[in-house]
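Coordinate analysis (summary)
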Amino acid sequence: MAVSASALGVYKKLVHSPPQGSELSLDTTRTPTYCEICFWKCAGWVYKNEEGKIWKVIGNDEDQHSNGRFCPRGTGGPGMYYDEDRLKTPLIRTKERGRQVFREASWDEALDYIAEKMLGIAEEHGPECTALLTHGSGGTYFGDLLKAFGSGSIAAPSYAQCRGPREVAYQTTFGEGVGSPERIDIRDTKCLVLIGAHLGENMHNGQVQEMSDAIDKGASIITVDPRFSIAASKSKYWLPIKPATDLALLLSWIHVIIYEEWYDKAYVEKYTYGFEQLKAHVRNMTPEWAYGITTLEPDLIRKSAKEMADAAPAVIVNPGRHVTWYGDDTQRSRAMAMINALLGSWGNRGGFYNPERVNVPSWPHPPFPEPKKTWKDAYPDKYKLAFETLASGICDATIPAISEACNFKAWIVNGTNLFKTIPDAEKVKEAIQNLELLVVIDTMPMAITGWADVVLPECTYLERYDTIRDSPHRKPAIALRMPAAEPMYNTKPAYWMAKELANRMGLGEYFSWNNIEEMLDWQLKQLGTSLEEMQRIGVKTFERSYDDLYFQKGQEMEFYTNTGKIELYSTALAAEGFDPIPRYTAHEEPPPGYFRLNYGRAPSHTFGRTANNALLKDLMEENTAWINPKVASEWGIKNGQYIWLENQDGVRSSFPIQARVTERIRWDSVYMVHGFGHTNKSLSRAYGKGASDSELITKVLLDPIMGGTGMRGNFVTFKFESKEEEVES
Amino acid sequence: MRYAMAIDTKKCVGCSDCVVACQTENNVPIGYCRDWVVEVTDGTYPQLELENRSERCNQCNNSPCVRCCPTGASHYSDGGIVLVTPHKCIGCGACIASCPYDARYSHPEGYVDKCTFCIHRIKKGLEPACVAACPTKCMYFGDLDNPKSPVSEILKVRKYKTLIPEAGTDPQLYFLI
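What counts, and at which threshold
- Along each chain, residues carry numbers from 1 onward, in the same order as the chain's sequence is written.
- Working convention: letters from A go to chains and numbers from 1 go to ligands, in the order in which they are written.
- Per-residue local features of the predicted model are confined to residues with pLDDT of at least 70, and side-chain atom pairs are confined, for both listing and counting, to 80 or more; whole-chain, interface and lining totals are unaffected and use all residues.
- Here a helix means four or more residues in a row that DSSP labels H or I, a strand means two or more in a row labelled E, and each is numbered from the N terminus.
- C-alpha atoms define the radius of gyration, and 2.2 Å times the number of residues to the power 0.38 defines the globule rule.
- We call a residue exposed when 12 or fewer other C-beta atoms sit within 10 Å of its C-beta, buried when the count reaches 20 or more, and partly exposed for counts in between; the C-beta positions come from the backbone.
- It is the C-beta atoms, placed from the backbone, that decide contacts: two residues are in contact if theirs lie within 7 Å.
- Each residue gets one of three labels, nonpolar for Ala, Val, Leu, Ile, Met, Phe, Trp, Tyr, Cys and Pro, charged for Asp, Glu, Lys and Arg, and polar for the others, Gly among them.
- Pairing between strands requires that DSSP locate at least two bridges from one strand to the other.
- Domain start and stop points were drawn from an automatic or database domain assignment.
- Every crossover in which the path from the first strand over the helix to the second runs clockwise, viewed with the strands pointing away from the viewer, is termed right-handed.
- Every axis in this analysis is a line fitted to C-alpha atoms, fitted for helices over the stretch in contact. Angles between the N-to-C directions lie between 0 and 180 degrees.
- Rotating anticlockwise by less than a right angle from the far helix to the near helix defines a left-handed crossing, while the corresponding clockwise rotation defines a right-handed one.
- On a scale of 0 to 100, pLDDT captures the predictor's confidence in every residue.
- By definition in this entry, angles of less than 35 degrees are roughly parallel, angles greater than 145 are roughly antiparallel, angles of 65 to 115 are roughly perpendicular, and the rest are oblique.

Looking now at the overall build of chain B. When its secondary structure is counted, chain B shows 6 helices and 10 strands. Relative to the compact-globule value of 16 Å for 177 residues, chain B shows a C-alpha radius of gyration of 16 Å, a close match. With respect to the three principal axes, the spread of C-alpha positions in chain B is 50 × 40 × 35 Å. Among the 177 residues that make up chain B, the fraction classed as buried is 45%. Contacts in chain B between residues at least 24 apart in sequence constitute 55% of all its contacts with a sequence separation of at least 6.

Laid out in structure tokens, this is it:
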């Protein structure tokens, strides 16, 4: 209770001393936050109305992530706060898993229950048999809890299910990952190449803003996508590629750039390793060769390559973010990285900059114990180049039949609805049935809560303090999130839950701060600011330590690779027995009557998190299945008609989806926005609206290099009735 | 003084941030909106064109909604902004029928509501909420009588169009093409 009382104290203080700023005249108070609706974490201000209720969220002008402008999801943040379907009190399961049958519990009862179970599991199996699956700011505190407990298995699905292959590709090429926000200098680029990335629909706020700035400055965009995306519509060249053939296009671009001698000779000579091997490797990979695979006209391949070369080094072959597609994703990302190397864009203005971050010191605590085993022990000969924990790896290792080496007995799941974030829901369910304890922390009753033994309701980001945001950027900066209001219902912040659990598990010394304000103030003072200052300014930007945003001309560079060079030929991949230079392999094609299932984002929603947000539901209530008119005509499908999708394994969507008959999609694929078709009736606005791509992704194409779960090898066909009805008839 | 807005269709990505920003700023009830996003596709695969634009009341110089309002609730305010005085509005809906842009809606509290160019913000020297929020900075606002205003400056250098000019309403929403 002390925590919430002090939060209120801060609110009152701000009422008495209103902040300075252009919107002061609107006669309201504002508190700083950074957004939690997506991972971009834009910093902004929460404004309250005259009644003191949360009114709106606006970007903080000082913030490099948002530049004072939020995206629709961030602007719609109050919808998350006011959602009456929120989790309201701790819940303990009363019947078997998979159903929402709980009894309400007090915090003491719920936390005692968890602590007792965790200690029992540690005694019987060892603390290393517990894992954290997290996607949210509060994960830091639960991560510290598990580390203190003796577990090293802490995973975010954003690695193996999303950006992991890209990180490994850049690590093996340039010796460094791309990070988040991505270190791409769109603001000053002359040519932006998007491969399957759909900026504008994918609202990576800073990137979308910079793309718009670049358009203003006359930059050209090249988009490779089987779908005429918003970005494609703003492109000088749109390459309507046959799905799953991107690597052939990339290799032919490399061929053209090398054999037309359009590459940056001085850069390649000075900084790279393996150019001659690469040159020999792509000798026959002409645009004409690629044409037969990609269906892209050779002339279009040459012209687009020339466009990039003319812009070099101010050119970006965008590494993308969600890159787990076909199982050879590290290699595809490598090919993209290599074009950036050949054109000298890594380290140059308009290409890739060198980001810098603030190192926020941790509150002093005893050293974390060394875990006896980690998830890696379950895969002794696999995924050696995975530098982060695989969420899917933990999931698989929980099933005793798959791994004996490191079985997991307890999961703490924070802010991630695993049925929509890890493919193959049946396998996820099987893993859960092998657990002795599943704790789910969320703000909303997502489907995963129906499988939990204990559900802990977190208050929304608008009602809590959190870790200091320290993401890297052009300039190092920090941002503060503080409560704009008292937590509604019987909800609590993650830091409070973690500390209370630590106390009950005998780990209190790792959380020795009295309250969060004390810890944050101590951390901020080490950085030369204070909690009081950050409450007033929200964002603090520091000067860079060195003038090294870009390489200096002719600068000697040592890259963090085995050779110290940018590796066009990867010695690390060769050492592990993988192709040191990417090789094109054909992927399975849809059988007759089936279409490749592609999925993506809408600007108004994040993953499956926002479907129940009243403000965002108003913008997009359900997803649609994009179908080419020729295909629709053959199948007799009308625009707006509800149909069911069924995949190659006979899995039919739980709910019908509206057909969107549109020229914007190729005839060989179907596209849908991810994150719909929620199955939990407690989500009153989202339940049954649209279809879930995740449930149709039952075939997973594993990336052997780092364990990424490729999800674009699934094919769907159209059905005109639900499975139940079919059975009845 | 003549307030106007220009929207750059080359930059707009159709994200609808303008819609949410308006909704929260003006407490527009859920299920209604004062502004909205239009997406127009033309052509056949792969020869395609697409236009995104954020639309709202065109704040016409010759507004049929003002002309047909039986009570005088719809009226011209500062800088040509068309406003509705809620307590004078009887909710007859004549203005809704007369608007070629379908820019008005019946508020559940019984009056007709529409975009005000955020006149409460303009008076304080702020931009309309949609303009201030837009991540692509595709919206330009200001006084056409002031040659230095953002909207005057952009209309000097870019090609533009208005919507349904044949309706003769002299709309003040310009779309950069």
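A few words now on the overall build of chain A. When helices and strands are counted, chain A shows 25 helices and 26 strands. Computed over the C-alpha atoms, the radius of gyration of chain A is 25 Å, within 12% of the 27 Å expected from 2.2 N^0.38 for a compact globule of 729 residues. Projected onto its principal axes, the C-alpha coordinates of chain A cover approximately 70 × 70 × 55 Å. Expressed as a percentage of its 729 residues, the buried residues of chain A come to 60%. The contacts of chain A with a sequence gap of at least 6 include a subset with a gap of at least 24, amounting to 74%.

Counting residues at the interface gives 32 residues for chain B, matched by 36 residues for chain A. Within the residue set of the side of chain B that touches chain A, elements represented by two or more residues are helix H1 (17-25), strand E2 (36-44) and strand E3 (47-55) of chain B. The residue inventory of the side of chain B that touches chain A, partitioned by class, reads 15 nonpolar, 10 polar and 7 charged.

With that settled, consider the sheet that holds strand E5 (residues 102-104) of chain A. All names here are of chain A. Read across the sheet, 7 strands follow the order E5-E4-E15-E14-E13-E6-E7 without closing on themselves; strand pairing throughout is mixed. For this open sheet the edge positions go to E5 and strand E7 (154-155), each flanked by a neighbour on one side alone. As paired strands, strand E14 (residues 437-442) and strand E15 (residues 454-457) are joined by 4 bridges and run parallel to one another. Looking at E15, one finds that Asp442 is bridged to Pro457.

On to the domain arrangement of chain A, then. Residue and element names in this part refer to chain A. Here chain A is partitioned into domain 1 (183-355) and domain 2 (595-728). Relative to domain 2, the C-alpha centre of domain 1 lies at a distance of 29 Å. Facing the 19 residues of domain 1 at the interface are 24 residues of domain 2. When the residues that make up the side of domain 1 that touches domain 2 are grouped by side-chain class, the tally is 8 nonpolar, 6 polar and 5 charged.

Residue and element names in this part refer to chain A. Most of strand E3 (residues 54-59) is tucked away: 6 of the 6 residues are buried. The pairing of strand E2 (residues 43-48) with E3 spans 5 bridges and is antiparallel. Of the residues in E3, the one forming a bridge with Lys48 is Ile54. In this antiparallel pair of consecutive strands, E2 and E3, the connection spans 5 residues, and Gly52 shows a positive phi of 80 degrees.

Before going further, it helps to spend a moment on unusual backbone geometry. Residues and elements named next belong to chain A. Here the amide bond leading from Ser180 into Pro181 is cis, since omega sits at -10 degrees, within 30 degrees of zero. Along the chain, Pro181 falls in the loop between helix H6 (157-174) and strand E8 (191-195). A cis amide bond, omega 5 degrees, links Ala312 with the succeeding residue Pro313. Secondary-structure assignment places Pro313 in the loop between helix H13 (298-311) and strand E12 (315-317). For Phe607, which is not glycine, the phi torsion reads 45 degrees and is therefore positive.

Quick look at the environment of Asp396(A) now. Residues and elements named next belong to chain A. Here Asp396 is to be found in helix H15 (residues 391-397). On the neighbour-count criterion, Asp396 (23 C-beta atoms within 10 Å) is buried. Spatially, the C-alpha atoms of Asp396 and Leu385 are 18 Å apart, while their sequence positions differ by 11 residues.

The subject of this paragraph is the pairing of E8(A). All names here are of chain A. Extensive coverage of E8 is indicated by the burial of 5 of its 5 residues. Neither face of E8 is open: one carries Cys191, Val193 and Ile195, the other Leu192 and Leu194, and all of them are buried. Pairing of E8 with strand E9 (residues 220-224), which is carried by 5 bridges, proceeds in the parallel orientation. Bridge assignment links Cys191 to a residue of E9, and that residue is Ser220. The handedness of the E8 to E9 crossover, carried by helix H7 (residues 205-216), is right-handed. Across 3 bridges, E8 lies against E12 in parallel orientation. What sits directly across from Leu192, in E12, is Ile316.

All names here are of chain A. Spatially, E10-E9-E8-E12 is the arrangement adopted by the 4 strands of the open sheet, whose pairing is parallel. The open sheet is flanked by strand E10 (237-239) and E12, the only strands paired with a single partner. Across the sheet, the mean angle from the axis of one strand to that of its neighbour is 10 degrees, orientation sign disregarded. Sheet analysis places E9 next to E10, joined by 3 bridges and oriented parallel. Paired with Val224 across the two strands is Leu239, which belongs to E10. Of the strands in this sheet, E8, E9, E10 and E12 touch H13, which is tilted by about 130 degrees from E10.

The subject of this paragraph is the packing of helix H9 (residues 246-259) of chain A against H13(A). A packed helix pair is summarised by two numbers, namely the angle formed by the two axes and the spacing between the axes. All names here are of chain A. For the pair H9 and H13, interaxial distance at closest approach is 10 Å and the crossing angle is 65 degrees. Considering the relative orientation of H9 and H13, their crossing is right-handed. Touching Leu249, Ser252, Trp253, Val256 and Ile257 of H9 are Ile301, Arg302, Ala305 and Ala309, all from H13. Of the residues assigned to the contact of H9 with H13, the class counts are 7 nonpolar, 1 polar and 1 charged.

Turning our attention to the environment of Ala341(A). All names here are of chain A. Turning to its location among the elements, Ala341 is positioned in helix H14 (residues 329-342). Of the residues examined, Ala341 has 26 C-beta atoms within 10 Å and is grouped as buried. As a C-alpha pair, Ala341 and Glu123 span 218 residues in sequence and 52 Å in three-dimensional space.

Below, the discussion takes up the confidence of the model for chain B. Taken as a whole, chain B shows an average pLDDT of 97; of its residues, 100% reach a score of 70 or greater. If you check the scores for this complex, the pTM reads 0.94 and the ipTM reads 0.96.

Turning our attention to the environment of Pro319(A). Residues and elements named next belong to chain A. Mapped onto the secondary structure, Pro319 falls in the loop between E12 and H14. The class of Pro319 is buried, set by 25 C-beta atoms lying within 10 Å. Between the C-alpha atoms of Pro319 and Tyr170, which are 149 residues apart in sequence, the distance is 8.8 Å. Beyond its immediate stretch of four places on either side in the chain, Pro319 contacts Arg166, Tyr170, Val178, Glu182, Ser333 and Met336.

Attention now goes to the packing of helix H5 (residues 139-149) of chain A against helix H18 (residues 494-504) of chain A. All names here are of chain A. The geometry of H5 relative to H18 is characterised by a closest axis approach of 8 Å and an angle of 15 degrees between their N-to-C directions. Our classification of the angle between H5 and H18 gives roughly parallel. The hand of the H5/H18 crossing is right-handed. Residues Tyr141, Phe142, Asp144, Leu145 and Ala148 of H5 touch H18, and the partners they reach there are Ala494, Tyr495, Ala498, Leu501 and Ala502. For the contact of H5 with H18, the residue count by class is 9 nonpolar, no polar and 1 charged.

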